Amino acid sequence: MISQFFILSSKGDPLIYKDFRGDSGGRDVAELFYRKLTGLPGDESPVVMHHDGRHFIHIRHSSLYLVVTTSENVSPFSLLELLSRLATLLGDYCGSLGEGTISRNVALVYELLDEVLDYGYVQTTSTEMLRNFIQTEAVVSKPFSLFDLSSVGLFGAETQQSKVAPSSAASRPVLSSRSDQSQKNEVFLDVVERLSVLIASNGSLLKVDVQGEIRLKSFLPSGSEMRIGLTEEFCVGKSELRGYGPGIRVDEVSFHSSVNLDEFESHRILRLQPPQGELTVMRYQLSDDLPSPLPFRLFPSVQWDRGSGRLQVYLKLRCDLPSKREIPGERVSSARQACPKKAPSPAPSLSKLQPVSGAEQPRAEGRAGGGSPSLGPASGARRLSTLGPFPDGRPRAPRTSQPWALHLGPSSGSGPGQSLL
Amino acid sequence: MLPHQDEKEPTSYRGSCGSCPVTVRKMPYLGSEDVVKELKKALCNPHIQADRLRYRNVIQRVIRYMTQGLDMSGVFMEMVKASATVDIVQKKLVYLYMCTYAPLKPDLALLAINTLCKDCSDPNPMVRGLALRSMCSLRMPGVQEYIQQPILNGLRDKASYVRRVAVLGCAKMHNLHGDSEVDGALVNELYSLLRDQDPIVVVNCLRSLEEILKLEGGVVINKPIAHHLLNRMSKLDQWGQAEVLNFLLRYQPRSEEELFDILNLLDSFLKSSSPGVVMGATKLFLILAKKFPHVQTDVLVRVKGPLLAACSSESRELCFVALCHVRQILHSLPGHFSSHYKKFFCSYSEPHYIKLQKVEVLCELVNDENVQQVLEELRGYCTDVSADFAQAAIFAIGGIARTYTDQCVQILTELLGLRQEHITTVVVQTFRDLVWLCPQCTEAVCQALPGCEENIQDSEGKQALIWLLGVHGERIPNAPYVLEDFVENVKSETFPAVKMELLTALLRLFLSRPAECQDMLGRLLYYCIEEEKDMAVRDRGLFYYRLLLVGIDEVKRILCSPKSDPTLGLLEDPAERPVNSWASDFNTLVPVYGKAHWATISKCQGAERCGPELPKTSSFAASGPLIPEDNKEREQELPDSGALMLVPNRQLTADYFEKTWLSLKVAHQQVLPWRGEFHPDTLQMALQVVNIQTIAMSRAGTRPWKAYLSAQDDTGCLFLTELLLEPENSEMQISVKQNEARTETLNSFISVLETVIGTIEEIKS
């Protein structure tokens, strides 16, 4: 049971505010929430906050706060799930989720909320059912972007990109099929993998954790059946063995409830009738021994100039992905400590690397014939090298006898050495 | 976060939320009247009214300003006019506006009722539903009479969309009424709608009944309803499933066979892809199988996968909630997640609150097999750039050290070598606690201590170090010299607590190494007595001085207490809690807040609820007077409830009571059910209100618990009562004695006593 729902921008401005039950304190609540959130001590969690008989539960999604308030002791799992479902729905209907799209589509958002929640109770969140009730059309703005220009070849020549849809193609509202223009039957399939990797200074992997999911965004008329074929060598669990090679192995896999798994065991085919909008078809996890090498290699080098007290960290990242693939959201956060293995000092010599590699572009267009969670892409060439001078210049001087016991503590969390891209 | 906060004007209340709301809102806020005027003009403009798109745009602007917090109630009249349209988008916008401002303009809102009522019989079910939903959401007095008939029609509508709206409309109508009167016919109709074809109607019926019957304990789930719901489960969407699972919690299967049938039916929901449904099903399993621990354990094993997936989910919020539940499970089954310890390693980019939770989890799942890896990982965190996180990690190692002492002490000793202030101080504090609980590590700690005094600046760390030097000084060669430094600098010491600790420690050390300490002890005592301004320190100094005057043997007898107490560890981490103790909190906000925080939240909520609401309830006399402020009201009511008038402030002495008690025979004996915790103070206060005096009672927690009460009515008849709470049988035994044998007054006295105890029992549960 939800009392209020509101969306705040990252600065705390209310973009959407809806009071479902009228039982609690008016609209100051949104301000109260933001004040509480920003004034929270660091070690307390902001996810669930309490004030005066009211619980605030929120998620942060594309720099917006989606907040619900309730006065009852509800299931946090369900509420968080609802919030993220709402975020997806709003994204589906408005094209994408962001401060701009929300404020352009206020009427549409209110209309959606009205149908999704009545008196604070969830009615339905299925795109199929909702589209019968939603009358407002989304206002989409197409800002000029240099990125789009890159798909236009010089003198009309075909470029690599012009063969595929522009990256913004998927961010259009599901309902636009009602208008005359883009009545395209398109399907976008993303394989999104998050890798958390811990690499020792000698290059060996200490910890690998892969979280992957296959996301489908469908603009097909509803009711059309779709078959997604995974590679037949796809193995689930440690013991299963398929095919002759090392295969593609994941530890755990879970599917969306609408996926028909009849042919999964025999042919690794997922059958589903996707509703319009975005849908996570499959989630998988994999940790420790990877069946294939990482898609990148890291060459660290640390130099400490004792004279000037400067420490120079070179992290050379070589990407083995084919050059035609892009990794849009790549981010490398790094450099915890560096110190020799045997020094009685804080950490073993490791630097921490967490590239968040995003969707594999290009997205498959048309009826997806086959896609596979590719863990080991072919070789390519992309090299990033960087120099991370440490912000406070001098590491706090170690007094141990070892010449190399460094413990760096850049006092601010975001020194220039920490984000490379 | 708030870069320009200092720019905000002190007078502006709205500004306190950050700079940007001010800048965004201020402009329209100041000119809000102009905006209203302009919009009003636009809404009245016949040209705009003729152009559908322009009209709609103006209305959208009104809605936008409304969202930003401007008062747009000024255009209410114009908006009512705009509601009479065929454009359904415009209709929706206008209804949204009306629902927001109807409480402010109830008289004008009545004008819109006409249009709404007409829409309720529109051929288009969408329009019917929309109108009914909006009409029920108007939230203004007097609207009930208009909505009753449309709701009743809506319940029998052939479109499921309208039925869904109408069913929830019943709850809205009931809550609008304010009084607790329940319309029996409506409730029956709703119960029969539980058999509706449309799954959402079914779930809405449950929700609506729950609200309407709130005072009577909510919707009743009997066997036919429970089985009906179970059979419909697969037709519901995930939200419906989660909600129905929650309602099924209150159903008690009659037989073991039925129980296991239900569990089998529910099995598939443990595999659902929605975490809300999985957790709901898990909770239901835990509650239903409360007498079958192996089933509970089995379920918790099966929920491991979904929980771990949520813990590593992309959504931080979900991850946090899942971690809280993992901790909850670990309290009962310590080894449950041990093989998955790597899932709880922190990654660099996670927010602070998740890292802290993960460290706690790591601390709890450590076992012989993974201790090496977990400690290795925790050691990495100890040098984190965030001092808070580093300290949390060090404390975590300290916690693990109670079981794996040697490895941990070694790591902690290595950390001292870093000579970082924030690390050293926490390590020394950890050592202090560890030495107290695990005396076997004293030797290692004493060897590690020398040298770390240079890196401690804060009060807590200094206190810990000085305590260690004082208690174990005979094993640390340079202990007197370290303390001497502190004595030298005592004048510039800012923390009184450190000075107190220094006094005690030095005196202790003096007992074991008198030659090295005598001189500086003299100096310190002189300083504390003659120059110190803090009274507590001064008094402590004087106290020790006088103690020393008594003689050294006396000092030894008083100061040389045991240096460690391993049994304290048992007190600090309570034994494994049974699953049943938290099963009802699973999948609620309790584990997320933490039990202690939740207790304070529900306490202040409970106080609010009891405070303003109790006097209003009509069943006040029946539920028993409790709140002291309602003294007068009670005195008026009590006579009719039993023609008994107890006289206030007739306090008997304990001696007189005892004498009378022994001389009389028991006139009445009775047992009342009593469960769980007991708060004598509450009882005493409650009894006080009805003029029953407490002569004597045992302290809270003692078993058997006893209390002796006395009361006197206006005729002078004395009632003496003994309450006895036996530990094993969960009952309160009441024995009453009376000095005049009058059954009538005796019975009314007992009924008063019963209601008081019953009320307390109720409040407690």
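Residues numbered from 1 in each chain as written. Chains lettered and ligands numbered in written order. Predicted model: local features only at pLDDT ≥ 70, side-chain atom pairs only at ≥ 80, totals over all residues. Heavy atoms only, no water.

Looking up chain B in an unreviewed UniProt entry gives the name AP complex subunit beta, with the organism given as Macaca mulatta. Under the UniProt heading Subcellular location (unreviewed entry), the entry covering chain B gives this text: "Golgi apparatus, trans-Golgi network membrane". (UniProt positions renumbered as here; feature names shortened; annotations may be inferred.)

An unreviewed UniProt entry annotates chain A as Adaptor related protein complex 4 subunit mu 1 originating from Macaca mulatta. Its UniProt record gives chain A the following Sequence similarities (unreviewed entry) comment, quoted word for word: "Belongs to the adaptor complexes medium subunit family." Of the comments in the UniProt record for chain A, the one headed Subcellular location (unreviewed entry) reads "Endomembrane system".

### Observations concerning the sheet that holds strand β2 (residues 693-697) of chain B
Residue and element names in this part refer to chain B. One open sheet accounts for 5 strands, arranged β1-β5-β4-β3-β2; its pairing is antiparallel. Because the sheet does not close on itself, it has two edges, and the strands there are β1 (666-673) and β2. When the angles between neighbouring strand axes are averaged without regard to direction, this sheet yields 20°. Taken strand by strand, helix α37 (residues 654-663) contacts β2, β3 (705-712), β4 (718-725) and β5 (731-738), and its axis lies near 90° from that of β4. Against the sheet, helix α38 (residues 680-689) makes contact with β2, β3 and β4, and its axis sits at roughly 155° relative to β2, the strand it touches most. (Pairing = 2+ DSSP bridges. Helix = DSSP H or I, 4+ residues; strand = E, 2+ residues; numbered from the N terminus. Axes fitted to C-alpha atoms, helices over the stretch in contact; angles between N-to-C directions. Contact = heavy atoms within 4.5 Å.)

### Let's talk about the domain arrangement of chain B
Taken domain by domain, chain B consists of domain 1 (222-328) and domain 2 (646-763). Using C-alpha coordinates to define each centre, domain 1 of chain B is positioned 45 Å away from domain 2 of chain B. (Domains from an automatic or database assignment.)

### Some thoughts on the environment of tyrosine 55 of chain B
All names here are of chain B. Residue position: tyrosine 55 is located in helix α4 (residues 52-68). Taking the relative accessible area as the measure of exposure, tyrosine 55 reaches 7% and is therefore buried. For the pair tyrosine 55 and glutamate 189, spaced 134 residues apart in sequence, the C-alpha separation works out to 42 Å. (Buried < 20%, exposed > 50% of the residue type's maximum accessible area, 1.4 Å probe, protein only.)

### Description of helix α6 (residues 88-101) of chain B
Residues and elements named next belong to chain B. The terminal C-alpha atoms of α6 lie 20 Å apart, and with 14 residues this matches the ideal 20 Å at 1.5 Å per residue to within 8%. Along α6, 13 of the 14 residues are buried, which leaves the element largely enclosed by surrounding structure. Where α6 starts, the residue carrying a side-chain oxygen 3.2 Å from the main-chain nitrogen of valine 89 turns out to be aspartate 87. (Expected span 1.5 Å × (residues − 1). Polar contact = N/O pair within 3.5 Å; in protein donor to acceptor, adjacent residues only side chain to side chain.)

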